[in-house]
Amino acid sequence: METLASAMRRENRRFKAPSSSSSSALNSGRVPLVMAFLSCLAWLYVAGRLWQDAQTRMILSGLIEKSSGNLPKVLSVEDKLRNLGCVGIGRKIAEAEMDITKAKSEGYLWGNGTAGGGGGGGGSSDKKKLLAVIGVYTGFGSRLKRNTFRGSWMPKGDALKKLEEKGVVIRFIVGRSANRGDSLDRNIDDENRRTKDFLILESHEEAAEELPSKVKFFFSAAIEAWDAEFYVKVDDNINLDLAGLIEMLEGRRGSQGLYMGCMKSGGVVSEEGQQWYEPEWWKFGDSKTYFRHASGALFILSNNLARYININSASLQSYAHDDISVGSWMMGLNATYVDDDRLCCGSSRQEKVCSHA
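Residues numbered from 1 in each chain as written. Predicted model: local features only at pLDDT ≥ 70, side-chain atom pairs only at ≥ 80, totals over all residues. Heavy atoms only, no water.

The name given to the protein chain in an unreviewed UniProt entry is Hexosyltransferase, with Leersia perrieri as the source organism. Reading the Pathway (unreviewed entry) entry of the UniProt record for the protein chain gives the comment "Protein modification; protein glycosylation." Recorded under Subcellular location (unreviewed entry), the UniProt text for the protein chain is reproduced unchanged: "Golgi apparatus membrane". (UniProt positions renumbered as here; feature names shortened; annotations may be inferred.)

So, in structure tokens, the structure goes:
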């Protein structure tokens with residue numbers, strides 16, 4: 001029996017061994033088939049996507065061809081302007097450029113009768129120009145001086161309005177505080193609401209060291225606000241014979257290129273720290289002498305000269321004093337210097353139109 005059992009176990013082991021190897025061979029044969037199947041699926045997916053993309057491109061190309069067929073392939077500047085409705089604007093710009101070129105050739109000086117003034121006294125060409133705009137320099141701490149002027153040579157209230165109707169505008173000229181909106185600015189605004197006799201230079205900072213630039217802001221603001229024959233700058237320590245000044249200017253109405261005042265010259269102070277020190281002293285040569293210019297206490301510019309300052313203010317060199325600055329600007333122009341001793345406020349002449357207050 002033991003022999004028979006041993007023989008059966010040997011037979012079973014012999015038959016089991018081949019079964020295990022055949023199962024392993026079957027499993028190893030299935031892997032390539034699965035991989036091949038998955039590769040086919042991936043290829044079919046990629047091919048389908050490529051076909052869809054090709055179809056999409058064809059559809060988009062057809063739409064673009066149809067839509068672009070109604071438009072010119074290249075738009076000219078004229079076409080673009082026409083599409084934007086800018087042809088009229090472009091024509092106006094071209095006309096303005098021609099006007100600017102003409103003005104440059106004339107030096108912004110002559111033949112300016114077509115240029116209109118702005119604001120209070122400006123107007124159309126059929127309206128008579130004002131005779132003069134008189135600007136009286138003032139500062140934040142000069143309220144007593146202003147009240148003195150209003151009670152003496154300078155009209156106030158209704159009398160000031162009537163004078164303007166006759167062609168003469170008078171305003172106190174002041175800038176703004178370095179600290180915008182502080183009590184200094186508010187006090188000026190309050191005073192102006194009551195008296196209505198200020199021209200406030202919004203872009204100018206009122207300070208002693210900024211005085212040379214104040215003259216540019218004054219003439220620019222004045223000519224933009226009023227169209228007048230003359231623009232007069234007056235210091236706040238000067239009393240005017242208003243009737244005498246008006247008579248003088250009436251006799252020169254219609255004149256162009258006039259630079260009027262008490263002409264003088266003098267030495268240039270080159271030592272820093274001294275009164276009237278000129279930082280740009282070296283520009284005046286070895287003799288250190290100023291050129292002829294109107295005294296800063298009172299000087300007058302005709303309309304076209306004031307307009308020149310307004311147009312070119314950004315490029316005009318300012319010196320330590322406003323009268324020197326204006327004199328330097330006039331030197332390069334075909335201006336007519338009028339040296340009238342009636343405008344010398346410190347002289348002893350009886351017929352003078354100004355005097356020191």
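### A few points about the state of the cysteines
Using the criterion set out here, one finds two disulfides in the structure. Here C262 connects covalently by a disulfide to C344, the sulfurs 2.0 Å from one another. What sets the handedness of the C262 and C344 disulfide is the S-S torsion sign, and at about 95° it is right-handed. One end of the pair, C262, is in strand β6 (residues 258-264); the other, C344, is in the loop between β8 (336-339) and β9 (354-356), with 82 residues separating them in the sequence. Overall, C344 belongs to the buried group, its relative accessible area being 13%. (Disulfide = S-S within 2.5 Å. Helix = DSSP H or I, 4+ residues; strand = E, 2+ residues; numbered from the N terminus. Buried < 20%, exposed > 50% of the residue type's maximum accessible area, 1.4 Å probe, protein only.)

### Some remarks on the packing of helix α4 (residues 143-150) against helix α6 (residues 183-195)
Look at α4 against α6: their axes get within 13 Å of each other, and the N-to-C directions meet at 10°. With respect to their mutual orientation, α4 and α6 come out roughly parallel. Across from R143, R146 and R150 in α4, the residues of α6 making contact are I188, E191, R194 and T195. Class assignment of the residues belonging to the contact of α4 with α6 gives a composition of one nonpolar, one polar and five charged. (Axes fitted to C-alpha atoms, helices over the stretch in contact; angles between N-to-C directions. Parallel < 35°, antiparallel > 145°, perpendicular 65-115°, else oblique. Contact = heavy atoms within 4.5 Å. Nonpolar A, V, L, I, M, F, W, Y, C, P; charged D, E, K, R; others polar.)

### Structural notes on the nonpolar core
It is characteristic of soluble globular proteins that their nonpolar side chains tend to be buried jointly. One finds I134, I170, L240, L249, M260 and L298 to be the most contacted residues of the largest nonpolar core, which totals 35 residues. Judged by nonpolar contacts, the second largest core, of 31 residues, contains L201, A222, A306 and A335. (Core = buried A, V, L, I, M, F, W, Y, C linked by side-chain atoms within 4.5 Å.)

### A few points about α6
Over its 13 residues, α6 runs 18 Å from end to end, which matches the ideal 18 Å to within 8%, given 1.5 Å per residue. Those residues of α6 lying buried are D185, I188 and E191. One side of α6 carries all its buried residues, which in axial view fall inside an arc of 130°. In α6, those exposed residues whose orientation departs by more than 90 degrees from the buried face are R193 and R194. Two or three places before L184, at the opening of α6, D182 has a side-chain oxygen 3.1 Å from that residue's backbone nitrogen. After α6 finishes, the residue K196 shows a positive phi value of roughly 55°. (Expected span 1.5 Å × (residues − 1). Arc of directions from axis to C-beta. Polar contact = N/O pair within 3.5 Å; in protein donor to acceptor, adjacent residues only side chain to side chain.)

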